[in-house]
Amino acid sequence: MKHIQVSEITRNIKEMCIEVNHKLSPDMQERLNAAAQEEKSPLGRQILGQLQENLQIAHEDMIPICQDTGMAVVFLDIGQEVHLEGGNIEEAVNEGVRQGYQEGYLRKSVVKDPLIRENTKDNTPAVIHYQIVPGDQVKITLAPKGFGSENMSRVFMLKPADGIEGVKNAVLTAVRDAGPNACPPMVVGVGIGGTFEKCALMAKQALARPADSHSDIPYVKELEEELLKKINCLGIGPAGLGGSTTALAVNINTYPTHIAGLPVAVNICCHVNRHISRTLSAAE
Ligand code: SF4
């Protein structure tokens, strides 16, 4: 059996928390740069220029790219041949988040109880999604999520008869309702199929996909492109002040579903769509 020490997972997550909050990933940076060139509204271009400047200053001066450094969402794809040694994996992940947010001077945004609302003061616990996959590696994806955009996300339990037009309406409704509250330009993650919780998880995973990637399924790729065009015709624009750049990308993930249902989740993210991945190989 091959093994990975959980302390390696802690160390990597600590570094990833700091890196992802100070530097936007290249795929997102490229989409933002392209939008700044293509934006039709002068005010929209000005705002996109300010966002670019903000990212530059954050990178050079080691300042977080947004004051809301998010709740840490962690995806762990664990190879079935890997034995995790040296401690409890959940504690190891949370220790990485704790160290990253403390050493990186990142805002602590997590409350221990959703109604009593006392801050945990170290941004733990993370939201952790485990998946067992073939192989002898562990892939860690970290996607800290700001709640200006998270709060505007939706699940629609459509009926099969609603079809693809129903899906388009659901996505456009969520984006229209989000408006300026989601700090546009947005990235729109969509999950179609599965069950109530599966479609929400797929929408979150879709946000962590590279912003310049497309679905392998031809009709889904076409739907991503069509919805991006339609969203950018809504006129919400950068910061919600009007323009032709309301979204930078629409990423859709799909899964089989029940004969009686068509679940659709729309997880909206802002222009600070933070995501970073690392893969650890197990040793003999
Ligand atoms: S929605 Fe995004 S850009 Fe807006 S405050 Fe939250 S993290 Fe920052």
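Residue positions are given per chain, counted from 1 along the sequence in the order it is written. It should be noted that, the model being predicted, local features are given only for residues of pLDDT at least 70 and side-chain atom pairs only at 80 or more, the latter also being counted only at that level, while totals for whole chains, interfaces and linings use all residues. Note that water and hydrogens are dropped before the side-chain values are worked out from all heavy atoms of the structure.

K.L.:
Teacher, can you tell me more about the site of the ligand here?
P.N.:
Working definition: residue near molecule or strand if any one of its non-hydrogen atoms lies within 4 Å of it. With respect to spatial proximity, the complete set of residues near the ligand consists of Cys-66, Gln-67, Asp-68, Gly-146, Gly-148, Ser-149, Cys-183, Cys-270, His-271, Val-272 and Arg-274. When residue character is reported, Ala, Val, Leu, Ile, Met, Phe, Trp, Tyr, Cys and Pro are called nonpolar, Asp, Glu, Lys and Arg charged, and the others, Gly included, polar. Of the residues in the shell around the ligand, the class split is four nonpolar, five polar and two charged.

K.L.:
What's the story with the domain arrangement of the chain in this structure? I'm lost.
P.N.:
Many authors give the size of an interface as the accessible area that is lost as the parts come together. As assigned here, the chain comprises domain 1 (2-20 + 65-144) and domain 2 (147-269). Where each domain starts and ends comes from a domain assignment, either automatic or drawn from a database. In this structure, domain 1 and domain 2 have C-alpha centres spaced 26 Å apart. Residue contacts follow a heavy-atom distance rule, with two residues in contact if any of their heavy atoms lie within 4.5 Å. Listed as interface residues are six residues of domain 1 and, on the opposing side, six residues of domain 2. In this assembly, domain 1 packs against domain 2 so that about 470 Å² is buried in total across both faces, 74% of it on carbon and sulfur atoms. Should a side-chain nitrogen of Lys or Arg be within 4 Å of a carboxyl oxygen of Asp or Glu, the pair is scored as a salt bridge. Put simply, domain 1 and domain 2 have zero salt bridges between them. By convention, the term buried area covers the 1.4 Å-probe accessible surface removed from two parts as they join, with the contributions of both added.

K.L.:
Looking at this structure, I do not really get the pattern of salt bridges. What am I missing?
P.N.:
Should the charged atoms of two oppositely charged side chains come close, the side chains can pair. A full pass over the atoms with the stated rule returns 18 salt bridges. Across the pair Arg-278 and Glu-15 runs a salt bridge whose closest N-O atoms are separated by 2.6 Å. Taken together, the residues Arg-278 in strand β10 (residues 276-281) and Glu-15 in helix α1 (residues 6-22) connect sequence positions 263 residues apart. Whether a residue is buried, partly exposed or exposed follows from its accessible area with a 1.4 Å probe, protein chains only, as a fraction of its type maximum: under 20%, in between, or over 50%, in that order. Residue class for Glu-15 comes out partly exposed when judged on its relative accessible area of 29%. A salt bridge links Arg-278 to Glu-19; the shortest N-O distance between them is 3.4 Å. Note that Arg-278 is positioned in strand β10 and Glu-19 in helix α1, a separation of 259 residues in sequence. Relative accessible area serves as the criterion here: at 21%, Arg-278 is assigned to the partly exposed category. Where salt bridges share partners, they join Glu-8, Arg-11, Glu-15, Glu-19 and Arg-278 into one cluster. Note on conventions: DSSP H or I runs of at least 4 residues are helices, E runs of at least 2 residues are strands, and numbering of each starts at the N terminus.

K.L.:
What is the right way to read the environment of Pro-210 from this model?
P.N.:
Structurally, the position occupied by Pro-210 is in the loop between α7 (196-207) and α8 (218-232). Residue Pro-210 is classed as partly exposed on the basis of its relative accessible area of 41%. When neighbours within four sequence positions are excluded, Pro-210 is seen to be in contact with Asp-27, Asn-251 and His-275.

K.L.:
Is there a simple way to explain unusual backbone geometry in this structure?
P.N.:
Excluding glycine, most residues fall at negative phi; most peptide bonds, likewise, are trans. Put simply, Thr-124 and Pro-125 share a cis peptide bond, and its omega is 0 degrees. Tracing the sequence through the fold places Pro-125 in the loop between α4 (89-103) and β4 (127-133). Looking along the chain, the bond that leaves Pro-184 and enters Pro-185 is cis, with omega of 10 degrees. The topology assignment puts Pro-185 in the loop between α6 (163-178) and β7 (186-194). The backbone phi angle of Tyr-105 is positive, close to 50 degrees, even though this residue is not glycine. When you line up the elements, Tyr-105 lands in the loop between α4 and β4. The class for Tyr-105 is exposed, based on a relative accessible area of 71%.

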